Amino acid sequence: DATAIAGVGRTTTSGPLGTVVFSGGAISQNATAFKSGGNASATLNNSGTIDVAAIANAVGGEDVFAAAFVADGVNQGAFGGTSGTAVASLVNTGPLTVNAIANATGGGEGTALAHAMGVSQAASAGAGASALVSNTDAISVAASANVIVGNAAHRGDFAFASASAGGINQSAHGKSGSAVTGA
């Protein structure tokens, strides 16, 4: 048997080794205002290259399991007070690349799971909240899961591969709220 798990960001996966939790993001920002009128802001200005990858390769003679997760390349949270405001803002003028790759090769049964998320933003406050992305370069998010099983004895009767990817996830909650993505 062989197991390989690679992860970046906040996610939970269950496999042959039990439950594995990854927390945070490749770049993670959180701002919280503790007073009722407090304002919170999480801002990232990127003009360079952000390149995030999780790669898991499992190779074994029997059953194999590989999981690769990038929960967030960039994760921002801003949480203002009950009468305050909150802003999560990303200005991206450089390439942002996020990849999750899981490969499982073995003689028995095999499973490969991969998930990647580019940007996640959450903003919440009583008076108003905004989640903003301004992008003038490439945001590339990809996930790949591959399984090869079986041998001369015709073992390997089960193979499962699943991959998912998301670009930008935004939420804003307040008396007035906006989630804006643009170039």
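Here's what I pulled together on the structure shown here. If you're wondering where the values come from, they're calculated on a predicted model, not measured in any experiment.

Right, let's get into the overall build of the protein. Each helix and strand in the protein was counted, giving zero helices and 15 strands. Pairs at least 24 residues apart make up 79% of the contacts formed inside the protein by residues separated by at least 6 positions. Of the roughly 8400 Å² of accessible surface on the protein, a fraction of 51% belongs to carbon and sulfur atoms.

On to a negative patch on the surface. A contiguous patch of negative charge on the surface is contributed by Asp1, Asp63, Glu109 and Asp157. Here Glu109 lies in the loop between strand 10 (96–106) and strand 11 (110–124).

So, about the pairing of strand 5 (residues 40–46). Side chains Ala40, Ala42, Leu44 and Asn46 project from strand 5 onto a buried face, and the interleaved Ser41, Thr43 and Asn45 project onto a face without burial. Pairing geometry for strand 5 and strand 9 (residues 85–92), over seven bridges, is parallel. Residue pairing in the sheet places Ser41 in a bridge with Val87 of strand 9.

Attention shifts here to the sheet that holds strand 13 (residues 139–149). Spatially, three strands are ordered 6-10-13 in an open sheet, and the strand pairing comes out parallel. Edge positions in the sheet fall to strand 6 (50–59) and strand 13, since each has one partner strand and no second. On average, each strand axis in the sheet is tilted by 0° relative to the strand beside it, whichever way the strands run. Here strand 10 runs beside strand 13; their pairing, made up of 11 bridges, is parallel. The residue of strand 13 that forms the bridge with Leu96 is Ile139.

This part takes up the side chain of Ser89. Following the sequence through the fold, Ser89 ends up in strand 9. Taking the relative accessible area as the measure of exposure, Ser89 reaches 12% and is therefore buried. Those residues in contact with Ser89 that lie beyond four places of it in its chain are Ala42, Thr43, Leu44, Gln76, Gln121 and Leu132.

Position of Asn46 among the secondary structure elements: in strand 5. Within the local environment of Asn46, its side chain forms a polar contact with the side chain of Asn92, the two groups lying 2.6 Å apart. If near-sequence neighbours (up to four positions away) are discounted, Asn46 is found in contact with Val91, Asn92, Thr93, Gly94 and Pro95.

This next bit is on the environment of Ser124. Position of Ser124 among the secondary structure elements: in strand 11. Separated by 92 residues in sequence, Ser124 and Thr32 place their C-alpha atoms 9.7 Å apart.

Here we take up the environment of Ser41. You can see Ser41 is positioned in strand 5. The sequence separation of Ser41 and Ala88 amounts to 47 residues, and the corresponding C-alpha distance is 5.9 Å. Contact partners of Ser41, with chain neighbours within four places excluded, come to Ala31, Ala78 and Val87.

Attention shifts here to the environment of Phe65. Here Phe65 is to be found in strand 7 (residues 64–70). In this structure Phe65 comes out as buried when scored by relative accessible area, which is 6%. When the C-alpha atoms of Phe65 and Phe160 are compared, they prove to be 9.6 Å apart, with 95 residues separating the residues in sequence.

Conventions we followed
- Counting restarts for each chain, with residues numbered from 1 along the sequence as it is written.
- Only residues with pLDDT of 70 or above have their local features reported here, since the model is predicted, and side-chain atom pairs are shown and tallied only from 80 upward, although totals for entire chains, interfaces and linings are computed over all residues.
- Each side-chain value is worked out from all heavy atoms of the structure, with water and hydrogens disregarded.
- Secondary structure elements are taken from DSSP: a helix is a run of H or I of four residues or more, a strand is a run of E of two residues or more, and numbering for both begins at the N terminus.
- Any pair of residues with heavy atoms lying within 4.5 Å of one another is described as a contacting pair.
- Working definition of accessibility: Shrake-Rupley area with a 1.4 Å probe, residue cover restricted to the visible protein chains.
- Surface patches are defined over residues having more than 30% relative accessible area and no salt bridge, joining like charges when they lie within 9 Å and nonpolar side chains (Val, Leu, Ile, Met, Phe, Trp, Tyr) when within 5 Å.
- Salt-bridge detection follows one rule: a side-chain nitrogen of Lys or Arg within 4 Å of a carboxyl oxygen of Asp or Glu.
- Here the positive residues are Lys and Arg and the negative ones are Asp and Glu; neither His nor the chain ends is included.
- Taken as the charge centre is NZ of Lys, CZ of Arg, CG of Asp or CD of Glu, depending on the residue.
- Only protein chains enter the accessibility calculation, which uses a 1.4 Å probe; a residue whose area is less than 20% of its type maximum is buried, one above 50% is exposed, and one in between is partly exposed.
- Criterion used throughout: strands pair if DSSP finds at least two bridges between them.
- Where helices are involved, their axes are fitted lines through C-alpha atoms of the stretch in contact, as for all axes, and angles between N-to-C directions lie from 0 to 180°.
- In protein, a polar contact means a hydrogen-donor-capable atom and an acceptor-capable atom, both N or O and within 3.5 Å, with residues adjacent in sequence counting only if both atoms are side-chain atoms; elsewhere, any N or O pair within 3.5 Å suffices.

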